[in-house]
4 protein chains.
Amino acid sequence: MKDKLNHIAVLTSGGDAPGMNAGIRAVVRSCAFHDIKCSGIYRGYQGLIENDFEVLNARSVRNIINRGGTFLKSARSKEFRTKEGRQKAYENLISQGVDALVVIGGDGTFNGAVVFNEEHDFPIVGMPGTIDNDINGTDHTIGYDTALNTVVEAIDKIRDTANSHNRLFLVEVMGRDAGDIALNAGIGAGAEEILIPEEDLGTDRLLESLKRSKKSGKTSSIIVVSEGDKIGKNIFELAEFIETNLEDYEVRVTVLGHIQRGGTPSCYDRVLASRLGIGAVDALLAGERDIMIGTVHGKVTSVPFKEAVAGRNKIDLDLIRVADITST
Amino acid sequence: MKDKLNHIAVLTSGGDAPGMNAGIRAVVRSCAFHDIKCSGIYRGYQGLIENDFEVLNARSVRNIINRGGTFLKSARSKEFRTKEGRQKAYENLISQGVDALVVIGGDGTFNGAVVFNEEHDFPIVGMPGTIDNDINGTDHTIGYDTALNTVVEAIDKIRDTANSHNRLFLVEVMGRDAGDIALNAGIGAGAEEILIPEEDLGTDRLLESLKRSKKSGKTSSIIVVSEGDKIGKNIFELAEFIETNLEDYEVRVTVLGHIQRGGTPSCYDRVLASRLGIGAVDALLAGERDIMIGTVHGKVTSVPFKEAVAGRNKIDLDLIRVADITST
Amino acid sequence: MKDKLNHIAVLTSGGDAPGMNAGIRAVVRSCAFHDIKCSGIYRGYQGLIENDFEVLNARSVRNIINRGGTFLKSARSKEFRTKEGRQKAYENLISQGVDALVVIGGDGTFNGAVVFNEEHDFPIVGMPGTIDNDINGTDHTIGYDTALNTVVEAIDKIRDTANSHNRLFLVEVMGRDAGDIALNAGIGAGAEEILIPEEDLGTDRLLESLKRSKKSGKTSSIIVVSEGDKIGKNIFELAEFIETNLEDYEVRVTVLGHIQRGGTPSCYDRVLASRLGIGAVDALLAGERDIMIGTVHGKVTSVPFKEAVAGRNKIDLDLIRVADITST
Amino acid sequence: MKDKLNHIAVLTSGGDAPGMNAGIRAVVRSCAFHDIKCSGIYRGYQGLIENDFEVLNARSVRNIINRGGTFLKSARSKEFRTKEGRQKAYENLISQGVDALVVIGGDGTFNGAVVFNEEHDFPIVGMPGTIDNDINGTDHTIGYDTALNTVVEAIDKIRDTANSHNRLFLVEVMGRDAGDIALNAGIGAGAEEILIPEEDLGTDRLLESLKRSKKSGKTSSIIVVSEGDKIGKNIFELAEFIETNLEDYEVRVTVLGHIQRGGTPSCYDRVLASRLGIGAVDALLAGERDIMIGTVHGKVTSVPFKEAVAGRNKIDLDLIRVADITST
């Protein structure tokens with residue numbers, strides 16, 4: 001690394017998440033504050049390979065803190081998985097005079113950074129941006145809180161119609177292999193059952209629970225199903241299974257889909273992304289690299305990339321009990 | 001009909017729609033205002049058959065104007081389609097001392113009222129409550145405006161992610177055989193294409209239009225597809241068709257589903273429902289029956305049930321031109 | 001006017017309103033559709049005087065349909081009220097090669113256009129953009145529907161706390177001399193009383209009504225007060241007056257203020273603005289001028305500027321009755 | 001305390017906050033789960049004195065998790081500040097057969113509990129419910145996260161109009177003596193300046209900062225002012241001061257007011273309240289008393305009442321730096 005940091009570049013990669021724009025803004029303004037040149041790279045690692053850079057100043061990131069998505073756009077890059085692709089990427093960074101890179105994304109993004117670093121000695125710092133909250137070493141990922149609110153709002157609407165018709169709704173939510181969205185949004189939305197990959201309820205217990213629930217006087221029900229749930233059936237098969245095995249239940253399926261990735265970021269995500277963006281530049285200035293900036297117990301901190309992407313199992317068992325009791 | 005109206009009952013039937021609660025509230029408070037006893041009937045015609053009545057006063061409908069769904073619940077009743085079912089329903093009305101009935105729902109609801117009236121001479125007035133806007137004789141149905149906002153908000157979120165990834169999204173919206181939701185929400189959400197049952201664009205023209213759109217510099221697109229669209233493919237087949245026939249298009253499908261029926265009603269729907277509820281009681285007091293209360297050119301008015309449910313073709317061709325030009 | 005229309009300019013003036021961006025977008029894209037050059041003028045008439053033009057194409061107005069405010073910005077221009085100012089404005093239009101002008105705003109904007117036209121023979125067409133809905137010759141102005149939803153949402157929140165504390169809230173809403181916002185949002189929010197400039201309830205009747213309301217079992221109340229109300233007291237004086245004259249009433253005041261002008265436009269406002277923008281270009285192409293484009297009974301139509309700004313009194317007396325009955 | 005816990009009562013006191021209903025629901029359902037009788041007390045300590053109890057079961061708290069305010073209502077009780085009042089309260093608890101009490105509120109509520117306990121040996125556990133986040137011993141109070149989102153949403157709307165008009169807006173937000181809302185919502189809303197009670201910026205530095213900001217190309221600004229700010233001027237005087245001392249600044253004031261207390265609770269607040277409600281019953285079952293249940297570092301924990309209400313100074317100085325840098 002050169003003695004002084006003169007030029008930082010920033011990119012977003014992988015699935016977009018609300019708050020990414022706030023994160024970019026914080027990186028750009030922090031660079032302006034420290035008098036460091038800042039470039040944005042469009043379309044993640046792919047744009048890095050295609051040399052798609054643009055110099056950004058404090059005014060370039062005006063009025064984006066409240067916008068979902070990422071104005072730098074994101075992409076998955078097959079080429080970056082090749083040695084040749086990464087070589088091109090490196091050459092572009094050098095030819096643009098970039099001294100360090102901030103990457104905002106999830107585990108795929110950080111894994112890419114690790115491989116890149118093994119081949120090319122280059123300072124990279126990461127920021128966790130994904131709605132799935134499936135990254136180690138940070139209380140939350142950027143976008144997760146907004147996604148929870150989006151899901152809860154959607155289920156509130158579905159409950160209007162569930163209540164009006166005495167129906168059972170299966171609602172599939174995102175989260176890949178992590179049940180965080182399903183579990184928290186399920187509690188928040190007052191779901192009667194929550195199916196997550198981390199815990200196998202089993203279809204028999206599900207049926208029994210639904211029967212109990214009906215007996216206790218409930219006339220409508222919401223079951224939140226994580227997309228990564230391992231119950232052995234997809235959500236439409238599960239609906240059929242329930243209709244076949246329970247009497248008097250009219251079952252409906254809703255797959256919430258991509259609305260969960262968008263939307264105006266919540267205050268929490270905007271503040272988190274702002275803090276992490278500033279933390280990322282601080283870390284680079286302090287000579288740190290190969291790390292992700294996160295918050296632990298509310299404080300900005302850093303964790304090596306390899307730890308960040310290590311298999312995680314963060315589901316709070318306490319929350320499962322909360323879900324059980326509050327759906328009494 | 002008896003000389004004086006002493007007792008009015010109200011029910012909601014068919015799919016629920018935001019604003020139904022505001023409509024019930026207006027009927028109940030109008031009865032209170034005119035010193036008429038008012039009963040709510042739960043679960044539509046089915047509750048009528050099962051004698052599921054409750055007396056409602058002005059305080060019973062407190063704090064419901066802002067709630068989606070219908071607190072009287074709704075149901076589809078097979079039994080009401082039988083002569084015996086309708087006979088029971090009539091007997092319950094008589095035994096409860098009800099003089100007139102207000103039904104809030106869509107064409108199925110009004111058709112039921114027509115048949116009932118042919119057999120049993122009983123004063124019924126209807127209010128159009130459905131998000132589909134597929135009823136004649138009213139500018140809009142209760143719930144339609146809210147559904148438009150819900151759809152537009154959802155597509156705004158999807159556009160965040162479409163823009164971030166240069167993707168093509170197919171978004172399926174409700175509306176049964178009517179393209180009103182698709183066309184208006186499509187314009188409002190700035191969709192690049194809108195597929196409605198009233199107009200067959202044809203898959204060839206669709207492909208061409210997408211190619212043109214890409215050439216003109218658009219890197220992401222939203223296509224809104226009405227659930228009743230007659231393009232001959234379901235939305236997943238359509239996605240495959242596009243991916244097969246166009247290069248470089250990553251296509252995603254989102255079926256908005258039941259969130260469209262729920263949610264806090266818009267101001268427009270609350271005011272509309274309030275006006276129609278008062279209009280319904282006014283009409284009964286004036287001796288009218290077998291009619292639906294709607295607004296035409298913004299004024300409360302009435303139309304015979306048979307006209308309300310007659311085949312409609314309200315799509316404003318002007319709007320198709322607006323969609324074409326604004327997606328330039 | 002020249003034989004052919006080659007160049008149209010568009011500006012927004014007066015108070016901003018949600019949907020103005022959708023209106024600009026429709027003008028720009030309609031120009032693109034008809035192969036007419038289009039320029040945006042920043043900061044309304046003031047920017048016209050200062051020659052602050054920018055050429056806009058179909059891509060310039062990407063992703064603005066869902067944004068509140070106006071990206072062309074707005075301003076009130078003292079200079080445009082002088083002959084010299086208007087002369088400069090005219091010279092700029094000519095030197096830029098502009099053939100016709102679209103102005104989006106309220107009565108001040110249209111009055112400016114009328115005066116300008118008396119001095120300088122120049123084709124101008126207007127679009128009604130103001131949350132106040134105080135323009136003749138159109139069902140609604142752009143921004144009005146969004147403002148209603150914003151007000152109703154805000155009052156829904158205030159009612160949470162009013163209900164929790166058995167309090168009386170006075171809520172001041174915008175609307176200048178027009179009570180449309182107060183009356184419609186008041187009905188929509190279930191307000192117990194609505195004070196509008198068009199009807200003087202009188203403080204005595206207000207007190208009596210509040211007493212009656214309390215007796216009937218209401219423990220909290222919302223009174224919506226239009227900013228133009230003529231009750232002879234400002235809202236803080238009114239609060240004091242009520243506290244002095246009624247026992248057991250804890251009164252709180254909330255002035256909603258500028259949140260009413262902002263926010264993501266509703267679907268209705270986006271569609272309305274899109275239709276009017278296309279209508280404005282259509283009208284200019286048809287040789288019309290000195291008119292405002294509006295919708296009457298849902299159809300796009302035009303009205304001379306002088307009629308649009310003529311004193312209006314559109315309050316629907318029917319709605320006052322609706323307010324009275326539904327707050328029973 | 002009796003050997004077994006047979007009957008728990010719950011009340012809400014002080015200012016209402018979004019999520020209180022979710023908290024009540026969790027207490028009630030936790031009681032149902034543990035087979036404990038549960039009573040709700042209306043209007044806080046005042047209702048306790050007036051013996052305003054109602055038995056609640058799992059079904060009583062249906063469909064309230066998504067509602068702002070508190071269905072048990074809240075009140076400030078002068079009578080509870082007297083020994084006689086507290087004596088009556090105690091007698092009611094005994095005569096109702098209540099074994100333990102859960103109180104949801106802020107410092108006033110907990111101080112009341114402390115005094116009550118000094119006189120009457122009675123098990124009480126508290127839950128922090130206030131938007132102000134001014135309680136020790138918990139990461140956040142119930143309602144705070146929702147209030148942040150409400151404020152940020154409101155300022156997003158105000159920014160639409162600020163941007164459209166190149167104006168300076170002063171926005172007053174709640175928080176009593178705590179600047180948490182102002183600081184976090186200010187960062188989230190991208191405010192140019194944030195005035196909080198914990199830090200005295202001074203009017204001179206404010207003016208300078210505004211001048212610098214204008215020079216750097218900003219044409220509109222938002223200043224968030226905490227209601228407890230000690231700058232020595234109220235917000236209207238501050239506006240006048242700025243207009244007098246800076247050229248070319250049109251200043252507007254908005255006092256957000258009571259909308260900040262209401263609204264549908266965020267997912268975070270619903271989950272937090274659910275966890276604390278269950279934690280409160282768990283604590284009582286474990287024989288704990290005179291404590292508040294909170295979360296520290298995301299884990300449910302307890303803190304003595306006296307610590308919870310001890311003077312706090314939680315403002316994260318790090319956040320002030322984040323605010324400074326991101327408003328560059």
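Fair warning: this is a prediction, and the values are worked out from it, not measured in the lab. (Residues numbered from 1 in each chain as written. Chains lettered and ligands numbered in written order. Predicted model: local features only at pLDDT ≥ 70, side-chain atom pairs only at ≥ 80, totals over all residues. Heavy atoms only, no water.)

Engineer: Kindly report on the overall build of chain A, identifying the contributing residues and their values.
Structural biologist: When its secondary structure is counted, chain A shows 11 helices and 11 strands. Here chain A has a C-alpha radius of gyration of 22 Å; the compact-globule value for 328 residues is 20 Å, and the two agree. If one aligns the C-alpha atoms of chain A with their principal axes, the spans along those axes are about 70 × 35 × 30 Å. Across the 328 residues of chain A, 66% fall into the buried class. Only carbon and sulfur atoms are counted for the fraction: they give 46% of the accessible area of chain A, which is about 11,300 Å². The average position of the 38 basic charges and that of the 47 acidic charges among the side chains of chain A differ by 5 Å. (Helix = DSSP H or I, 4+ residues; strand = E, 2+ residues; numbered from the N terminus. Rg over C-alpha atoms; globule rule 2.2 N^0.38 Å. Buried < 20%, exposed > 50% of the residue type's maximum accessible area, 1.4 Å probe, protein only. Areas by Shrake-Rupley, 256 points an atom, 1.4 Å probe, with all protein chains shown as cover. Lys, Arg positive; Asp, Glu negative; His and termini not counted. Charge placed at Lys NZ, Arg CZ, Asp CG, Glu CD.)

Engineer: Summarise the relation of the copies chain A and chain D; cite the residues concerned and give the values.
Structural biologist: The two copies are related by a screw operation: chain A maps onto chain D through 180° of rotation and 0.0 Å of translation along the axis, at an RMSD of 0.0 Å. What the superposition gives is, in effect, a two-fold axis relating one chain to the other. Residue His297 of chain A, judged by its C-alpha, is the member of chain A lying nearest the rotation axis, at 2.5 Å. In this assembly the copies share their binding face: 100% of the residues contributing to the interface of chain A also contribute to that of chain D. (Least-squares fit on C-alpha atoms with pLDDT ≥ 70 in both. Contact = heavy atoms within 4.5 Å.)

Engineer: Residue-level account of the sheet that holds strand β7 (residues 193-195) of chain B, with values.
Structural biologist: Hydrogen bonds along the backbone pair up the strands of a sheet, which may run parallel or antiparallel. Residue and element names in this part refer to chain B. Taken in spatial order, the four strands of this open sheet run β7-β8-β6-β9, and their pairing is parallel. Both edges of this open sheet fall to β7 and β9 (251-255), since each of them pairs with a single strand only. Looking at each pair of strands side by side, their axes are set apart by 20° on average, direction ignored. In the sheet, β7 pairs with strand β8 (residues 221-226) via three bridges, with the strands oriented parallel. Bridge pairing in β8 links Ile194 to Val224. Strands in contact with helix α7 (residues 203-215) are β6 (168-173), β7 and β8; relative to β7, the strand with the most contacts, it is inclined by about 165°. (Pairing = 2+ DSSP bridges. Axes fitted to C-alpha atoms, helices over the stretch in contact; angles between N-to-C directions.)

Engineer: Describe in detail the domain arrangement of chain A, supporting the description with residues and values.
Structural biologist: Residues and elements named next belong to chain A. According to the domain assignment, chain A contains domain 1 (7-143 + 265-308) and domain 2 (144-261). Buried surface at the junction of domain 1 and domain 2, both sides included, amounts to about 1,200 Å², of which 46% is carbon and sulfur. Counting across the interface, domain 1 meets domain 2 through three salt bridges. Between Arg176 and Asp107 there is a salt bridge; the shortest N-O distance is 3.2 Å. At the boundary of domain 1 with domain 2, the tally comes to 11 residue pairs in polar contact (both at pLDDT 80 or more). For the side of domain 1 that touches domain 2, the per-class residue count stands at six nonpolar, six polar and five charged. (Domains from an automatic or database assignment. Buried area = accessible area lost by both parts, 1.4 Å probe. Salt bridge = Lys/Arg side-chain N within 4 Å of Asp/Glu carboxyl O. Polar contact = N/O pair within 3.5 Å; in protein donor to acceptor, adjacent residues only side chain to side chain. Nonpolar A, V, L, I, M, F, W, Y, C, P; charged D, E, K, R; others polar.)

Engineer: Which residues make up the sheet that holds strand β8 (residues 221-226) of chain D, and what values do they have?
Structural biologist: Residue and element names in this part refer to chain D. Pairing in this open sheet of four strands is parallel, and the strands run β7-β8-β6-β9 from one edge to the other. Edge positions in the sheet fall to β7 (193-195) and β9 (251-255), since each of these pairs with one other strand and no more. With strand direction ignored, the average angle separating the axes of adjacent strands in the sheet is 20°. Inspection of the sheet shows strand β6 (residues 168-173) paired to β8 by six bridges, in the parallel sense. In the sheet register, Val173 faces β8, and the bridge partner there is Ser226. Contacts from helix α5 (residues 144-165) reach β6, β8 and β9 within the one sheet, and its direction differs from that of β6 by about 165°.

Engineer: Please provide a residue-by-residue account of the UniProt feature "binding site: ATP" (unreviewed entry) in chain A, values included.
Structural biologist: All names here are of chain A. The positions UniProt marks with the feature "binding site: ATP" (unreviewed entry) are Gly15, Arg76, Ser77, Gly106, Asp107, Gly108 and Thr109. Their sequence span is 95 residues, while the largest C-alpha to C-alpha distance among them is just 14.0 Å; these annotated residues converge on one region. For Asp107, the location among the structural elements is in helix α4 (residues 107-119). For Asp107, a relative accessible area of 24% gives the class partly exposed. Inspection of the secondary structure assignment puts Thr109 in helix α4. Excluding its chain neighbours within four sequence positions, the residues that come into contact with Thr109 are Ser13, Gly14, Tyr45, Val103 and Ile104. (UniProt positions renumbered as here; feature names shortened; annotations may be inferred.)

Engineer: So what's going on with the UniProt feature "domain: Phosphofructokinase" (unreviewed entry) in chain A? Residues and values would help.
Structural biologist: Under the UniProt annotation, the feature "domain: Phosphofructokinase" (unreviewed entry) is placed at residues 8-284 of chain A. Secondary structure content for residues 8-284 of chain A is 43% helix and 16% strand, and the end C-alpha separation is 9 Å.

Engineer: Could you give an account of the pairing of strand β5 (residues 124-128) of chain B, naming the residues involved and the relevant values?
Structural biologist: All names here are of chain B. The buried fraction of β5 amounts to five of the five residues, a majority that puts the element mostly inside the structure. For strand β4 (residues 100-105) and β5, the ladder comprises five bridges, and the chain directions are parallel. Along β5, the bridge assignment pairs Leu101 with Ile124. Relative to strand β10 (residues 291-296), β5 is paired through two bridges, and the arrangement is parallel. Of the residues in β10, the one forming a bridge with Val125 is Ile291.

Engineer: Outline the side chain of Asp145 of chain B, supporting the account with residue identities and numerical values.
Structural biologist: Locating Asp145 of chain B in the fold gives a position in helix α5 (residues 144-165). Buried charge without a partner: Asp145 of chain B forms no salt bridge, and the closest opposite charge is Arg270 of chain B, 9.4 Å away. Of the polar contacts made by the side chain of Asp145 of chain B, one reaches the side chain of Ser266 of chain B; its length is 2.6 Å. Here Asp145 of chain B is in contact with Ser266, Tyr268 and Asp269 of chain B together with Tyr268 of chain C, once residues within four sequence places are set aside.

Engineer: Account for helix α3 (residues 83-95) of chain A, with residues named and values stated.
Structural biologist: Residue and element names in this part refer to chain A. Across its 13 residues, α3 extends 18 Å between first and last C-alpha, which sits within 8% of the 18 Å expected from 1.5 Å per residue. Among all positions of α3, only Gly85, Arg86, Ala89, Asn92 and Leu93 are buried. For α3, the arc enclosing every buried residue in end-on projection is 120°, short of the 170-degree limit, so these residues lie on one face. Opposite the buried face of α3, by more than 90 degrees, sit the exposed residues Lys83, Glu84 and Ser95. (Expected span 1.5 Å × (residues − 1). Arc of directions from axis to C-beta.)

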